[in-house]
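# Observations on the model geometry
Here's the letter readout for the chains.
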Amino acid sequence: MTNSPFHSDLLDGKPLNGVPGRYWHALPDGRIQCDLCPRYCRLQEGQRGLCFVRARQGDRMVLTTYGRSSGFCLDPIEKKPLNHFLPGTAVLSFGTAGCNLTCKFCQNWDISKARDFDRLMDQAPPEAIAEAALRSGARSVAFTYNDPVIFLEYAVDVAQACRERGVKSVAVSAGYICEEPRREFFAQMDAANIDLKGFTEDFYRKLCSGQLQAVLETLVYLKQETGVWFEITTLLIPGENDSPAELEALTQWVMEQLGPDVPLHFSAFHPDWKMTDKPPTPPETLLTAWRIAREAGLRYVYTGNIHHPATQATLCHGCGAALIGRDWYELGTWGLSDDGLCRHCGTRCAGVFDGPPGHWGRRRLPLRLGPANMRDRAPLA
Ligand code: SF4
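Keep in mind the model is a prediction, meaning the values are calculated, not measured.

## Looking at the overall build of the protein chain
- Within the protein chain, the regular secondary structure consists of nine helices and 18 strands.
- Considering only contacts within the protein chain whose residues lie at least 6 apart along the sequence, 68% involve residues at least 24 apart.
- Split by element, the accessible area of the protein chain, about 15300 Å² in all, is 50% carbon and sulfur.

Written out as structure tokens, the structure is:
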């Protein structure tokens, strides 16, 4: 499939530079085809793929954003959102530029649609990122803000550097990736939040120029073939993906294919990017979705981007006791043992729990990665 509006210009009139990219092959007609994501961009010399960060340079594919970041921030892990992965801890978040989907409702469009690479900091080698996480007290590093599958080579190297230092890696992704790179990418991840943007092919085609089936395959792969802890987020857009029938189909699919323990987050849309004609999601829509998912049998369902502690708490599916209370990103009630058992009845709560909860709270702290900053900075958590 060749559905990309290629950019055949050189970047700012300068030659393209990048590290060798994986997952491509030469075509008989002289083009090369990227096999990283289901767009399968076919490139002539000097052209970029739709994601903008992978490009043809000579007779090979390169990644043009290796080692460069759009900035770092210490966030609560709950903000990714991950509610069952080391709750209360800080995560070192960063992204690069570009994206392989074209969601009209993008909530991070300034980064994902970035064409100005000057906004990327030049110095972000994998080891420095892992060391920054260690020094700041973050338990994990998150590839977020834009989809990390498009900078696979960089994300994999960062994740390996983190693993060597006992820091976990988290992917925040739409899961739009082909089978072989999917294996390499997720082999290095400890946790993921996968955007399931809607539950019809029409929605993906019309609003994201993508395919639902590829995302569903990633979700089933994660469940059946990996130990990656993952949660799902669906942004509910009024009139586009929020009908009760679609939500019933989505939640029943999750229940049947992934089981009751995969957390599902419904979050509120705010008008942004190319979709400013829709109103924000009414809280009632999120609560209806929450109820539909619970009735489908899912044990861990959450609302997001609204203040509603009752649908943001984790309850024990054995006895109904409150296990984790949340007020925005701040933890309240804690009813779990250090290894994730309900203190009332002993039922295991699905997820990754390691000791008492963290105390990072709701803070969001920008972080510079320069050597001087790293040398001077005292541990933050
Ligand atoms: S990763 Fe980028 S270049 Fe490769 S197929 Fe996807 S959009 Fe095209």
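Right, picking up where we left off after that structure.
## Thoughts on the sheet that holds strand β2 (residues 24-26)
- The three strands are arranged β2-β3-β4 in an open sheet whose pairing can be described as antiparallel. Bordering the open sheet on either side are β2 and β4 (42-43), each of which pairs with just one other strand.

## Overview of the site of the ligand
- All residues in the neighbourhood of the ligand are listed as Cys 34, Leu 36, Cys 37, Arg 39, Tyr 40, Cys 41, Gly 49, Leu 50, Cys 51, Arg 54 and Asn 100.
- Structurally, the ligand is housed in the largest cavity.

## Regarding the layout of surface pockets
- Each pocket or cavity is described by its volume, and for the largest pocket that value is around 1200 Å³.
- Around the largest pocket, the lining comprises 46 residues; the ones closest to its centre are Lys 79, Lys 80, Pro 81, Gln 107 and Asn 108.
- When the residues that make up the lining of the largest pocket are grouped by side-chain class, the tally is 17 nonpolar, 18 polar and 11 charged.

## Quick word on empty space enclosed by the protein
- In total, this model carries two cavities of 30 Å³ or more according to the counting rule given.
- Empty space within the largest cavity amounts to approximately 110 Å³.
- Taken together, 14 residues form the lining of the largest cavity, with Cys 34, Cys 37, Cys 41, Cys 51 and Arg 54 sitting closest to its centre.
- Here the lining of the largest cavity is built from residues that sort into 10 nonpolar, two polar and two charged.
- The computed volume of the second largest cavity comes to approximately 70 Å³.
- Listed by contribution, the elements that provide at least two residues to the lining of the second largest cavity are α8 (283-295), β14 (301-304) and β15 (314-315).

## Some points on the nonpolar core
- The biggest cluster of nonpolar side chains holds 91 residues, and the ones touching the most others in it are Leu 92, Phe 105, Ile 129, Val 141, Phe 186 and Leu 196.
- By size, the runner-up hydrophobic cluster in this structure holds 22 residues, among which are Val 91, Val 170, Trp 229 and Tyr 302.

## Description of the state of the cysteines
- In total, this model carries zero disulfides according to the counting rule given.
- Considering cysteine sulfurs only, Cys 37 is the nearest to Cys 178, which forms no disulfide, with 6.3 Å between them.
- Given a relative accessible area of 9%, Cys 178 falls into the buried group.

## Describing helix α7 (residues 244-258)
- With 15 residues, α7 should reach 21 Å at 1.5 Å per residue; the first-to-last C-alpha distance of 20 Å fits that figure.
- Taken together, the buried positions of α7 are Glu 246, Leu 247, Leu 250, Thr 251, Trp 253, Val 254 and Leu 258. Taken down its axis, α7 places every buried residue within 155° of arc, on the same side. The exposed residues of α7 that point more than 90 degrees off its buried face are Ala 245 and Glu 256.
- If you follow the buried residues of α7, they end up packed against α6 (212-225), β12 (229-236), β13 (264-268) and α8.
- One or two residues past the end of α7 sits Gly 259, with phi positive at roughly 95°.

## Thoughts on the confidence of the model for the protein chain
- The predicted model of the protein chain has a mean per-residue pLDDT of 90, with 88% of residues at 70 or higher.
- Low pLDDT (under 50) marks residues 1-12, which in the prediction has 33 contacts with non-local residues, meaning those over four places away or in another chain.

## What to know about the packing of aromatic side chains
- In total, this model carries 11 aromatic pairs according to the counting rule given.
- Ring centres of Phe 105 and Phe 203 lie 5.7 Å apart, and the angle between their planes is 40°; on these two criteria the pair is classed as tilted. Of this pair, Phe 105 sits in the loop between β8 (90-94) and α1 (109-112) while Phe 203 sits in helix α5 (residues 201-208), and the two are 98 residues apart along the sequence.
- Look at Phe 151 and Tyr 154: their rings are 5.9 Å apart centre to centre, the planes differ by 50°, and that puts the pair in the tilted class.
- The class for Tyr 154 is buried, based on a relative accessible area of 0%.
- Here the aromatic residues Tyr 66, Phe 72, Phe 94, Phe 143, Phe 151 and Tyr 154 are joined through ring pairs into a cluster of three or more.
- Here the guanidinium or amino end of Arg 48 rests over the ring plane of Phe 52, the centre of that ring lying 4.4 Å away.

## Details of the pattern of salt bridges
- A full pass over the atoms with the stated rule returns 20 salt bridges.
- Notably, a salt bridge pairs Arg 56 with Asp 59, separated by 3.2 Å at the nearest N-O pair.
- For Arg 56, a relative accessible area of 7% translates into the label buried.
- Looking at Asp 59, the relative accessible area reads 63%, which means it is exposed.

Analysis parameters
- Residues numbered from 1 in each chain as written.
- Predicted model: local features only at pLDDT ≥ 70, side-chain atom pairs only at ≥ 80, totals over all residues.
- Heavy atoms only, no water.
- Helix = DSSP H or I, 4+ residues; strand = E, 2+ residues; numbered from the N terminus.
- Contact = heavy atoms within 4.5 Å.
- Areas by Shrake-Rupley, 256 points an atom, 1.4 Å probe, with all protein chains shown as cover.
- Pairing = 2+ DSSP bridges.
- Near = heavy atom within 4 Å.
- 1 Å grid on protein atoms, 1.4 Å probe; cavity = no way out; pocket = protein on both sides within 12 Å on 5 of 7 lines; lining within 4 Å.
- Sits in = over half its atoms within 2 Å of the grid points.
- Points joined across faces, edges and corners; volume = space filled by probe spheres on them.
- Nonpolar A, V, L, I, M, F, W, Y, C, P; charged D, E, K, R; others polar.
- Core = buried A, V, L, I, M, F, W, Y, C linked by side-chain atoms within 4.5 Å.
- Buried < 20%, exposed > 50% of the residue type's maximum accessible area, 1.4 Å probe, protein only.
- Disulfide = S-S within 2.5 Å.
- Expected span 1.5 Å × (residues − 1).
- Arc of directions from axis to C-beta.
- pLDDT = per-residue confidence, 0-100.
- Phe/Tyr/Trp six-rings, centres within 6.5 Å; stacked < 30°, edge-to-face > 60°.
- Lys NZ or Arg CZ within 6 Å of the ring centre and 35° of its normal.
- Salt bridge = Lys/Arg side-chain N within 4 Å of Asp/Glu carboxyl O.

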